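# Report on the structure
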Amino acid sequence: MKINLNTTKKILVLIILCLVCKTNFAHDMHTNDESIKTWIIEKENRTIKGTFFMFKNGDVYIEDAYHQIKHFPLTSFKTEDQKKLKKKIERINLLNEPLEVKNISSPNKISTFQLGIILILLILFGCVIFFFTNKKQHRYTMPVFFASICFTLFSFTNPTIINNAFMFFAPNVNTSWDNNYFYVESKGIPTTHDMMVGISNHGWQQQVPIPQCYIGSNAWSIPLNPIMATTPIPVNADHFSRGALAIAVNGVPIFNPYTNTGVDAFLDGQLDAFGGHCGKADDYHYHTAPLHLYNQTTSTLPIAYAFDGFAVFGSLEPDGSAMTTLDANHGHLFNDVYHYHGSSTAPYMIGNMVGVVTEDATKQIIPQAQSQPVRTENWGPLNGALINSCVANANNGYNTSYSLNQVSGYATNYTKLSASPYTYTFQYVTPTGTTTTNYIGQANCVVPNLAATHFIALEQKIKLFPNPATDILQINLGDSDLEEGVQSISLCDLNARILFKTNHFIPSLDIKNVPKGNYIVKIQFENSVVTKKIIVK
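Residues numbered from 1 in each chain as written. Predicted model: local features only at pLDDT ≥ 70, side-chain atom pairs only at ≥ 80, totals over all residues. Heavy atoms only, no water.

Attention shifts here to the overall build of the protein chain. Tallying secondary structure elements over the protein chain gives 6 helices and 31 strands in all. Counting all 537 residues of the protein chain, 45% fall into the buried class. As displayed, the protein chain offers around 27700 Å² of accessible surface, 56% of which is attributable to carbon and sulfur atoms. (Helix = DSSP H or I, 4+ residues; strand = E, 2+ residues; numbered from the N terminus. Buried < 20%, exposed > 50% of the residue type's maximum accessible area, 1.4 Å probe, protein only. Areas by Shrake-Rupley, 256 points an atom, 1.4 Å probe, with all protein chains shown as cover.)

This is the structure:
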């Protein structure tokens, strides 16, 4: 096949345009806000002027005007400042990628390299279509070509984007992922609101909250490559009547609005003020959309992810605009990506499961994390009971007090011993006496904190040499992919005075004119800072 000069020029122009487009899409639009701000530490009745330094282990680190680093719990800041800080740390993603993820083979999930190869082949295919086919056929062939490009680009979910929604609830929630799934580990217990209070006088099933081990192989699984179902499965009293159909970003599972008896749990008065209650395994879960989570996160992030892989938002779209018209599934496409919306009225969150899911014989979505019951009795509704409080005690349990037919003095309290055989001691309290029953249950669970593990590994990975140094100090991050994540590199003396600072990565520092002595090199990432001591001689 002979290609003339004009055709060659056209191909070159097309390749240049593709490269320009790639550059535009890859460009980092992040800008640093280095302005000094007055932060209000409400719980200490004080203020501090400085810039946001980092967020680590629940504390916000502030660098003041004298370059002194001070840290305070995020919850100690004024509410308005907390919202600003949460938006700042919302950008934490790539550096929080866990070092250890489940190793599950994924024959159906392609890698980034394979995706690049497919895109290149599609572009070459487009060149062939454009230059070597009948121009009259372009109106049929080119739409197919561009549809193929769009399908390739939008069929894959970036797990670091999903991770942004969950990070506000660390370390009580831990996340990881492999090629197939995004995993969420938790105990299923909310840490930002009370439980059980608000259940009506015929809705309490006599269950109390026991932390569950949604850990390791029993973690919640969100598909990373959701597929639109040909026929969406309705969320009703027949389908998904067992188990969860979504996971809230605080690690609490979300069940069907209908209970296993076929009634709307909210309308029947079975839910507390936050849309949750405990199931037969004493497992706490929601039955409605957890819209209250926006008090801890931001309004443009999801509040949950369905187990078909699609996100659940509140009353706003991902770009902050007002929610547009919903379809029969209680969601819609937005920028070619489907998501659901939560609401305060039925169906609350998901009308029909849009993505492909698998139901087992009991019509429960699988894979599915499992709760572990401790008590063996068949508890049922306690008519006339009103829960007054449900608070954690000092012995790994909860005290749930209630009145019965307007008579106070009732409670179901339990404690849990940490040593084997892991005895749960329940006290059933009435105005006339107390009955004690012991049960054997699972061990205490610990939610992994891989973010902290990642920080330690990052600190160990970065090397400065030679040390002591005389003229040039080399900086090796141990991973070239980390270079784009560097926000600044500073050389400070032991009084925290900055001698040198750059707002991007550089592989070496010229220290010829630095006086002899001990110094600190500070490498600032988006959510972490690594400090290294050096000696100049």
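Still to come is the rest of the account.
On to the pattern of salt bridges. Opposite charge on two side chains lets them pair, provided their charged atoms get close. According to the stated counting rule, one finds 4 salt bridges in the structure shown. When the shortest N-O distance is used, the salt bridge between Asp81 and Lys37 registers 3.4 Å. Taken together, the residues span a long stretch of sequence, with Asp81 in helix H2 (residues 79–89) and Lys37 in strand S1 (residues 37–41) at a distance of 44 residues. Looking at Asp81, the relative accessible area reads 4%, which means it is buried. With its nearest N and O atoms 2.9 Å apart, the salt bridge here joins Asp282 to Arg375. In this pair, Asp282 sits in the loop between strand S11 (276–278) and strand S12 (284–286) while Arg375 sits in the loop between strand S19 (365–366) and strand S20 (385–392), placing the two residues 93 residues apart along the sequence. (Salt bridge = Lys/Arg side-chain N within 4 Å of Asp/Glu carboxyl O.)

Successive residues of a regular strand alternate their side chains across the two faces of the sheet. Examined bridge by bridge, strand S23 (residues 423–430) and strand S24 (residues 433–440) share 8 bridges and lie antiparallel to one another. Opposite Thr425, over in S24, you have Asn438 as the bridge partner. Between S23 and S24, which follow one another and run antiparallel, lie 2 residues. (Pairing = 2+ DSSP bridges.)

A word on the nonpolar core. Residues Phe166, Met196, Trp204, Leu245, Tyr340 and Met353 are the most contacted members of the largest nonpolar core, which totals 71 residues. Tallying contributions element by element places strand S9 (residues 244–248) first for this core, with 5 residues. Once residues within four sequence positions are removed from consideration, Trp204 is found in contact with Met196, Ile199, Gly380, Pro381, Leu382, Ala385, Ile387, Thr400, Tyr402 and Thr412. Ranked by size, the runner-up nonpolar core spans 22 residues in total, among them Leu473, Leu482, Ile506 and Val536. (Core = buried A, V, L, I, M, F, W, Y, C linked by side-chain atoms within 4.5 Å. Contact = heavy atoms within 4.5 Å.)

Sheet architecture is open: 5 strands sit in the order S20-S21-S22-S23-S24, paired in antiparallel fashion. Strand pairing shows two members of the sheet lacking a second neighbour, S20 and S24, which therefore form its edges. Across the sheet, the mean angle from the axis of one strand to that of its neighbour is 15 degrees, orientation sign disregarded. When S20 meets strand S21 (residues 398–404), the two strands line up antiparallel, connected through 7 bridges. Within S21, the position partnered with Cys390 by the bridge is Thr400. (Axes fitted to C-alpha atoms, helices over the stretch in contact; angles between N-to-C directions.)

What follows covers the packing of aromatic side chains. How two aromatic rings sit relative to each other is set out by the distance from centre to centre and by the angle between their planes. One pass over the full model with this rule turns up 19 aromatic pairs. Between the aromatic rings of Tyr284 and Tyr286, the centroid separation amounts to 5.8 Å while the plane-to-plane angle is 80 degrees, which identifies the pairing as edge-to-face. Residue classification places Tyr284 among the buried residues on the basis of a relative accessible area of 1%. Every member of this aromatic cluster is reached through a ring pair, and the members are Trp379, Tyr414, Tyr424, Phe426, Tyr428 and Tyr439. In this structure, Lys37 is placed above the aromatic ring of Trp39, and the distance from its NZ or CZ to the ring centre is 5.0 Å. (Phe/Tyr/Trp six-rings, centres within 6.5 Å; stacked < 30°, edge-to-face > 60°. Lys NZ or Arg CZ within 6 Å of the ring centre and 35° of its normal.)

This paragraph deals with the layout of surface pockets. Computed from the structure, the second largest pocket encloses a volume of approximately 680 Å³. When contributions to the lining of the second largest pocket are tallied by element, the ones reaching two or more residues are strand S10 (253–255) and S11. Of the residues in the lining of the second largest pocket, the class split is 12 nonpolar, 17 polar and 4 charged. (1 Å grid on protein atoms, 1.4 Å probe; cavity = no way out; pocket = protein on both sides within 12 Å on 5 of 7 lines; lining within 4 Å. Points joined across faces, edges and corners; volume = space filled by probe spheres on them. Nonpolar A, V, L, I, M, F, W, Y, C, P; charged D, E, K, R; others polar.)

Looking now at the environment of Ile62. Among the secondary structure elements, Ile62 is positioned in strand S3 (residues 59–64). Judged by its relative accessible area of 0%, Ile62 falls in the buried class.

This brings us to empty space enclosed by the protein. For the coordinates displayed, the defined rule picks out 1 cavity of 30 Å³ or more. Taken as a whole, the largest cavity holds about 40 Å³ of empty space. Surrounding the largest cavity, Leu245, Ile254, Phe255, Pro257, His287, Pro347, Tyr348, Met349 and Ile350 form its lining. Broken down by class, the residue content of the lining of the largest cavity amounts to 8 nonpolar, 1 polar and no charged.

For the structure shown, the criterion picks out 1 disulfide. Looking at Cys278, it has no disulfide partner, and the nearest cysteine sulfur is the one in Cys390, 6.8 Å off. (Disulfide = S-S within 2.5 Å.)

In this section: the confidence of the model for the protein chain. The predicted model of the protein chain averages 80 in pLDDT, with 76% of residues at 70 or higher. Counted against residues more than four places away or in other chains, residues 15–34, with its pLDDT under 50, gives 9 contacts. Taken as a whole, residues 151–155 scores under 50 in pLDDT and shows 9 contacts with residues more than four places along the chain or in a different chain. (pLDDT = per-residue confidence, 0-100.)

Strand order in this open sheet of 3 strands is S25-S26-S29, and the pairing throughout is antiparallel. On the outer flanks of this sheet lie strand S25 (463–465) and strand S29 (508–510), each paired with one strand and no other. The sheet shows a mean angle of 20 degrees between the axes of neighbouring strands, direction not considered. By the bridge criterion, 3 bridges tie strand S26 (residues 472–476) to S29 in an arrangement that is antiparallel. Bridged to Gln474 within S29 is Ser508.

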